[in-house]
Amino acid sequence: MRITLTVNDAAYPLEVEPRRVLADALRDDCGLTGTHLGCEQGVCGACTVLVDGEAVRSCLMLAVQCDGVPIRTVEGLTGPDGQPHPLQRAFSAERGLQCGFCTPGFLMLAAGALDHDLSENEVADLVRSNLCRCTGYEPIRRAITRAAHAHQNGQDGRHRSV
Ligand code: FES
Ligand code: FES
């Protein structure tokens with residue numbers, strides 16, 4: 001099938017089999033390898049991207065379902081000025097990563113939630129959605145909380161999360 005994926009505001013015309021999953025299309029067809037694949041069955045969340053502003057497991061979606069729908073991946077977090085996204089700065093400041101394999105998924109999970117004015121309990125619930133083998137989750141929770149507070153207080157320089 002001929003489709004066009006719109007990823008980080010760029011158009012990627014593709015010819016894919018109907019069974020092609022979004023994660024493979026992003027990585028192998030679009031060359032956007034920042035989206036990681038861990039379990040490939042919807043458990044770990046390493047493959048999380050935003051589809052129409054909502055965080056989804058890209059290993060569970062078909063590329064053809066996303067034809068013409070705006071997609072944002074971790075490559076699209078950096079602003080047009082080249083500055084890191086407030087979430088990226090918060091992960092760095094709070095040491096919210098070690099090996100970094102899970103990090104793109106956590107960043108996109110959090111990016112999809114920042115506009116919802118998360119409470120501390122909601123951040124804790126959010127962090128449980130994805131798996132990390134390294135950090136013990138607490139630095140990730142602190143990083144997302146830090147970015148959420150800055151976002152709510154208008155101190156992150158962005159009116160929207162992405
Ligand atoms: S690779 Fe998609 S949830 Fe694990
Ligand atoms: S930082 Fe290594 S899996 Fe999360």
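Owing to the predicted nature of the structure, the values given are computational and were not obtained by experimental measurement. Going along each chain's sequence as written, the residues are numbered from 1 onward. Ligands are numbered from 1 and chains lettered from A, in the order in which they are written. The predicted nature of this model means local features are confined to residues of pLDDT at least 70 and side-chain atom pairs, given and counted, to a pLDDT of 80 or more, with totals for whole chains, interfaces and linings taken over all residues. Water and hydrogen atoms were dropped before computing side-chain values, which therefore reflect all heavy atoms in the structure.

### A few points about the sheet that holds strand 5 (residues 70–72)
We treat two strands as partners when DSSP finds at least two bridges between them. We count a stretch as a helix when DSSP gives it H or I for four or more residues in a row; a strand needs E for two or more, and each element gets its number in order from the N terminus. If you walk across this open sheet you meet the five strands as 2-1-5-3-4, and the pairing is mixed. Only two strands of the sheet have a single neighbouring strand rather than two, namely strand 2 (10–15) and strand 4 (54–57). Neighbouring strand axes in the sheet, compared pairwise and without regard to direction, differ in orientation by 40° on average. Along the sheet, helix 3 (residues 103–111) makes contact with strand 3 (48–51), strand 4 and strand 5, crossing strand 3 at roughly 35°. In this description, a line fitted to the C-alpha atoms serves as the axis of each element, helices being fitted only across the stretch in contact, and the angle between N-to-C directions of two axes falls anywhere from 0 to 180 degrees. We call two residues contacting when some pair of their heavy atoms lies within 4.5 Å.

### Regarding the domain arrangement of the protein
What counts as a domain boundary in this text is fixed by an automatic or database domain assignment. Domain parsing of the protein yields domain 1 (2–74) and domain 2 (86–152). Put simply, the middle of domain 1 and the middle of domain 2, counted by C-alpha atoms, are 21 Å apart. In this assembly, 17 residues from domain 1 lie in contact with twelve residues from domain 2. Buried area, as used here, totals the accessible surface that two parts lose on assembly, with accessibility defined by a 1.4 Å probe and the loss added over both. Summing both partners gives a buried area of about 1,100 Å² for domain 1 against domain 2, and 65% of it is carried by carbon and sulfur. Salt-bridge detection follows one rule: a side-chain nitrogen of Lys or Arg within 4 Å of a carboxyl oxygen of Asp or Glu. Where domain 1 meets domain 2, there are zero salt bridges. A 3.5 Å cut-off defines polar contacts: any pair of N or O atoms within that distance qualifies, except that in protein one atom must be a possible hydrogen donor and the other a possible acceptor, and neighbouring residues in sequence count only when both atoms are side-chain atoms. At the boundary of domain 1 and domain 2, one finds five residue pairs in polar contact (both at pLDDT 80 or more). Those elements that provide at least two residues to the side of domain 1 that touches domain 2 are strand 3 and strand 4. We call Asp, Glu, Lys and Arg charged. Ala, Val, Leu, Ile, Met, Phe, Trp, Tyr, Cys and Pro are nonpolar, and the rest, Gly among them, are polar. Looking at the side of domain 1 that touches domain 2 residue by residue, the classes come out as eight nonpolar, seven polar and two charged.

### Let's talk about helix 4 (residues 120–127)
Accessible area is worked out with a 1.4 Å probe on protein chains only. A residue is then buried under 20% of its type maximum, exposed over 50%, and partly exposed in between. Restricting attention to buried positions, one finds in helix 4 the residues Val 123, Leu 126 and Val 127. Buried positions in helix 4, seen along its axis, are confined to an arc of 95° and lie on one side of it. Packed against the buried residues of helix 4 are helix 3 and helix 5 (138–152). Think of the arc as the fan of directions from the helix axis to the C-beta atoms.

### Points about the side chain of Thr 103
Counting through the fold element by element, Thr 103 comes out in helix 3. Owing to a relative accessible area of 9%, Thr 103 belongs among the buried residues under this scheme.

### What about the packing of aromatic side chains?
Aromatic rings considered in pairs are described by the distance between their centres and by the relative angle of their planes. Note on aromatic pairs: the rings of Phe, Tyr and Trp (six-membered ring only in Trp) are paired at centre separations within 6.5 Å, and the planes decide the class, stacked below 30 degrees, edge-to-face beyond 60, tilted for the rest. Counted according to the given criterion, the structure contains one aromatic pair. Here the aromatic rings of Phe 106 and Tyr 137 are separated by 6.5 Å at their centres, their planes lie at 70°, and the arrangement is edge-to-face. Remark: Tyr 137 occurs in the loop between helix 4 and helix 5 and Phe 106 occurs in helix 3; sequence separation between them is 31 residues. Residue Phe 106 is classed as buried on the basis of its relative accessible area of 0%. We classify Tyr 137 as partly exposed; its relative accessible area is 27%.

### Focus: helix 2 (residues 86–93)
Along helix 2, the positions that sit buried rather than exposed are Pro 86, Leu 87, Ala 90 and Phe 91. Along the axis of helix 2, the buried residues cluster in a sector spanning 140°; they form a single face. Buried positions along helix 2 lie against helix 3 and helix 5. The first or second residue beyond helix 2 is Arg 95, which carries a positive phi of 55°.

### Examining the packing of helix 4 against helix 5
With their axes 10 Å apart at the nearest point, helix 4 and helix 5 run at an angle of 135° to one another. Between helix 4 and helix 5, the angle falls in the class oblique. Here the hand of the crossing between helix 4 and helix 5 comes out right-handed. Residues Glu 120, Val 123, Ala 124, Leu 126 and Val 127 of helix 4 form the contact with helix 5, whose own contacting residues are Ile 140, Arg 141, Ile 144, Thr 145 and His 149. Per-class residue counts for the contact of helix 4 with helix 5 are six nonpolar, two polar and two charged. If an angle is under 35 degrees, it is roughly parallel; if it is over 145, roughly antiparallel; if it lies from 65 to 115, roughly perpendicular; otherwise it is oblique. A clockwise turn of the near helix away from the far one marks a right-handed crossing, whereas an anticlockwise turn of less than a right angle marks a left-handed crossing.

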